[in-house]
Amino acid sequence: MKAAITCVAGYVPEDLLTNDDLSKMVDTSDEWIKTRTGISERHILKDPTKATSDMGAEAVKALCEKRGIDPSEIDVLITATVTPDMLFPSTSNLIAHKIGATKSWGFDLSAACSGFLFALTTASQFVANGTYKKVVVVGADKMSSIVDYTDRTTCVLFGDGAGAVLLEPSEAENGIIDHIHHCDGGGAEFLCMKAGGSLNPASHETVDAKQHFVFQDGKPVFKAAVTGMADVSYEIMQRNGLKGKDVAWLVPHQANLRIIDATQRRMGVDPEKVMINIQNYGNTTAATIPLCLRDWESQLKKGDNIILAAFGGGFTWGSMYLKWAY
Ligand code: UT7
């Protein structure tokens, strides 16, 4: 038995932060941001009373409505995020409470931009081994809550959003077929949030030193991302006997258009088969891949060979091969 994605939904907040808005806040320009990253605008959750779980709840509510199921039918709910509402309880718990998923259990999974991929792989085990029939995977991040809007090297990159998929059993050949995932904790020094955890608990000093914001040394991350995402995507194609022409869609994490282009070239996949919405959302961390699936859902056909790929903080990276099930 395989686990198959049987429904996709997502949510992005209404408020937009454009490149022109950012060029009034820091020393940057629309031209620099577009040519170096591919981003034009991002959605920002401005309401200070709302958090990651609110976006996740909207996405899962839409998912249940679309699939025609009641939230109480969900067995397990896993949320990939690096911006949980609180350190504990888990954002999954809060989402389940908000939507009335009264019979589910769940937890959060922390793997930064690879979070959705790692969570999807984890969730698929529960379905493929026959333990559960309805498992929801959420990728959600309120990146605006950890971005320093005076730092031009990071504030132009990120946006807020949430995506969700439902996994159900599939007896047919369609569903999740293979994955290759990696971690390298040596990458922590290049992309991390330095304080707020047990190493550097919140203090006046950590706040003054701006250590509760995303820290990124962009160049080494870029280098590792280009190689990591391209290699792991090529490897999964080789392992499954797929050529570029066999791949219906590449669904890459949306961190930088140049990283996506490098992956597409290495895989030998036509550019028009690559899902790219970075221009509208920026890097929404765990939400990029499910938001792509949502935006392209109407174009997907049963049996399509799809490769998902991500690279992110940690470092974490990976790819997944699936056959679209509906
Ligand atoms: O999703 C998680 C994983 N993250 C990633 O995959 C991100 C990987 N890294 C990147 O995408 C790129 O490294 C960035 C987009 C972050 C930066 O692009 P880059 O081409 O590597 O630029 P750079 O850091 O080498 O900076 C080039 C110049 C610098 O000026 P100098 O030192 O040459 O005078 C920067 O200060 O561009 C400057 N710069 C900016 N200029 C205008 C950096 N940010 C900006 C900005 N506007 N926003």
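In what follows, the structure referred to is the one given above.
What counts and how
- Residues numbered from 1 in each chain as written.
- Predicted model: local features only at pLDDT ≥ 70, side-chain atom pairs only at ≥ 80, totals over all residues.
- Heavy atoms only, no water.
- Helix = DSSP H or I, 4+ residues; strand = E, 2+ residues; numbered from the N terminus.
- Rg over C-alpha atoms; globule rule 2.2 N^0.38 Å.
- Buried < 20%, exposed > 50% of the residue type's maximum accessible area, 1.4 Å probe, protein only.
- Contact = heavy atoms within 4.5 Å.
- Areas by Shrake-Rupley, 256 points an atom, 1.4 Å probe, with all protein chains shown as cover.
- Lys, Arg positive; Asp, Glu negative; His and termini not counted.
- Charge placed at Lys NZ, Arg CZ, Asp CG, Glu CD.
- Pairing = 2+ DSSP bridges.

A. Representation of the overall build of the chain within the structure. When helices and strands are counted, the chain shows eleven helices and 13 strands. Taking 326 residues into account, the globule formula puts the C-alpha radius of gyration at 20 Å, and the chain, at 19 Å, falls close to it. Along the three orthogonal principal directions, the C-alpha set of the chain runs to about 55 × 45 × 35 Å. Counting all 326 residues of the chain, 54% fall into the buried class. For the chain, long-range pairs separated by at least 24 residues make up 77% of all intrachain contacts whose partners lie at least 6 apart in sequence. Surface exposure of the chain reaches about 13,800 Å², of which carbon and sulfur atoms provide 52%. Counting 31 positive and 39 negative side-chain charges, the chain places the averaged centre of each group 5 Å from the other.

B. Summary view of the pairing of strand 6 (residues 135–142). Among the eight residues of strand 6, eight are classified as buried, and the element is accordingly described as predominantly covered. Because side chains alternate across strand 6, one face comprises the buried residues Val135, Val137, Gly139 and Asp141, and the other comprises Val136, Val138, Ala140 and Lys142, equally buried. Of the strand pairs in this sheet, strand 4 (residues 76–80) and strand 6 are connected by five bridges, and their pairing is parallel. For valine 76, the partnering residue across the bridge sits in strand 6 and is valine 135. Bridge count between strand 6 and strand 7 (residues 160–170): eight bridges; the pairing is antiparallel. Of the residues in strand 7, the one forming a bridge with glycine 139 is glycine 163.

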